Amino acid sequence: MNVSYAWLKTFVDFDLEPRALRDLLTQRVVTVDELVPLRTDLAPIVIGRVVECEQMEGSDHLSVTKVDAGTGELIDVVCGAPNVRAGKSYPFAPVGTVMPNGMKIERRKIRGAVSAGMLCSARELGLGDDHQGIMELDVDAPPGTAFVEAVPVGDMRLVLDVNPNRP
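In this convention, every chain numbers its residues from 1, walking through the sequence in written order. Where totals are concerned, whole chains, interfaces and linings use all residues; where local detail is concerned, this predicted model gives features only for residues with pLDDT of at least 70, and gives and counts side-chain atom pairs only at 80 or more. Each side-chain value is derived from all of the structure's non-hydrogen atoms; neither hydrogens nor water enter the calculation.

K.L.:
What am I meant to see in the sheet that holds strand E5 (residues 74-79) here?
P.N.:
Backbone hydrogen bonds hold the strands of a sheet together, and the pairing may be parallel or antiparallel. Strands pair, by our definition, only if DSSP identifies at least two bridges between them. Secondary structure elements follow DSSP: runs of H or I no shorter than four residues count as helices, runs of E no shorter than two count as strands, and numbering proceeds from the N terminus. Read across the sheet, five strands follow the order E5-E4-E3-E6-E9 without closing on themselves; strand pairing throughout is antiparallel. At either margin of the open sheet sits one strand with a lone partner, and together these are E5 and strand E9 (117-119). Adjacent strand axes in the sheet meet at a mean angle of 45° when their direction is disregarded. As judged from the six bridges shared by strand E3 (residues 46-55) and strand E4 (residues 63-68), these two strands associate in the antiparallel manner. Of the residues in E4, the one forming a bridge with Gln 55 is Ser 63. For every element, the axis is a line fit to its C-alpha atoms; helices are fit only across the contacting stretch, and the angle between N-to-C directions ranges from 0 to 180 degrees.

So this is what it looks like as structure tokens:
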């Protein structure tokens, strides 16, 4: 039987991490065969803080930004979202990331400016249909923090081995 960790927390107030819960359930109630992380496709996405944001010359909708992704260097990113602003945090996909829709993020030139990553919308992350702008985050996490750790989207599935004599 499959059970969601987040779903269990809505019914029972507990402070255990998924692995500790697995161990406790296995010791006292039912064997937990497996602990499966969900949304592993979002693992390469990190929290990126836009440090600088300027309108691209000759464009009415593109911005050239410098993003702090926790690497120690600012990353140049061209962004077409209307809501990008300096000082805000957004989900950031660095070069080499394969997005949930299968698109691979590559370093490329856009109208003469180099873009080495992508600031992401909810639709690009597979978290909704909103594509009006990038997903602004209101989290207290430093740049470079894994997105699934800072935002509660990475649930865990507990695979329980329910014996035939237990309803």
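Having seen the model, we can carry on.
K.L.:
Looking at this structure, how should I read helix H2 (residues 18-28)?
P.N.:
Given 3.6 residues per turn, any residue in an α-helix points the same way as the ones three and four places further on. Turning to H2, its buried residues number three or more, namely Pro 18, Leu 21 and Leu 25. The buried residues of H2 occupy one face: seen down the axis, they fall within an arc of 60°. Seen from the open side of H2, the exposed residues pointing more than 90 degrees away from its buried face are Arg 19 and Gln 27. Should any heavy atoms of two residues lie within 4.5 Å, those residues are considered in contact. Its buried side turned inward, H2 meets helix H1 (5-11), strand E2 (31-37) and strand E10 (156-161). Only protein chains enter the accessibility calculation, which uses a 1.4 Å probe. A residue is then buried if its area is under 20% of the maximum for its type, exposed if over 50%, and partly exposed in between. Here the arc refers to the set of directions running from the helix axis out to each C-beta atom.

K.L.:
Before we go on, may I ask you to explain the sheet that holds E10 in this structure?
P.N.:
The sheet built from three strands is open, its strands ordered E1-E10-E2 with antiparallel pairing. Edge positions in the sheet fall to strand E1 (2-4) and E2, since each of these pairs with one other strand and no more. Between one strand and the next, the sheet's axes are offset by a mean angle of 30°, whatever the strand orientation. Looking at chain direction, E2 and E10 are connected through six bridges and run antiparallel. Paired with Pro 37 across the strands is Met 156, a residue of E10. The strands that H2 touches are E2 and E10; relative to E2, the one it contacts most, it runs at about 165°.

K.L.:
Which parts of the structure should I look at to understand unusual backbone geometry?
P.N.:
A negative phi angle characterises most non-glycine residues, just as the trans form characterises most peptide bonds. Of note, the phi angle at Arg 39 is positive, near 60°, even though the residue is not glycine. With respect to the secondary-structure elements, Arg 39 resides in the loop between E2 and E3. Owing to a relative accessible area of 23%, Arg 39 belongs among the partly exposed residues under this scheme. A positive phi is found at Arg 111, a non-glycine position, where the angle reads about 50°. Assignment of secondary structure puts Arg 111 in the loop between strand E7 (108-110) and strand E8 (113-115).

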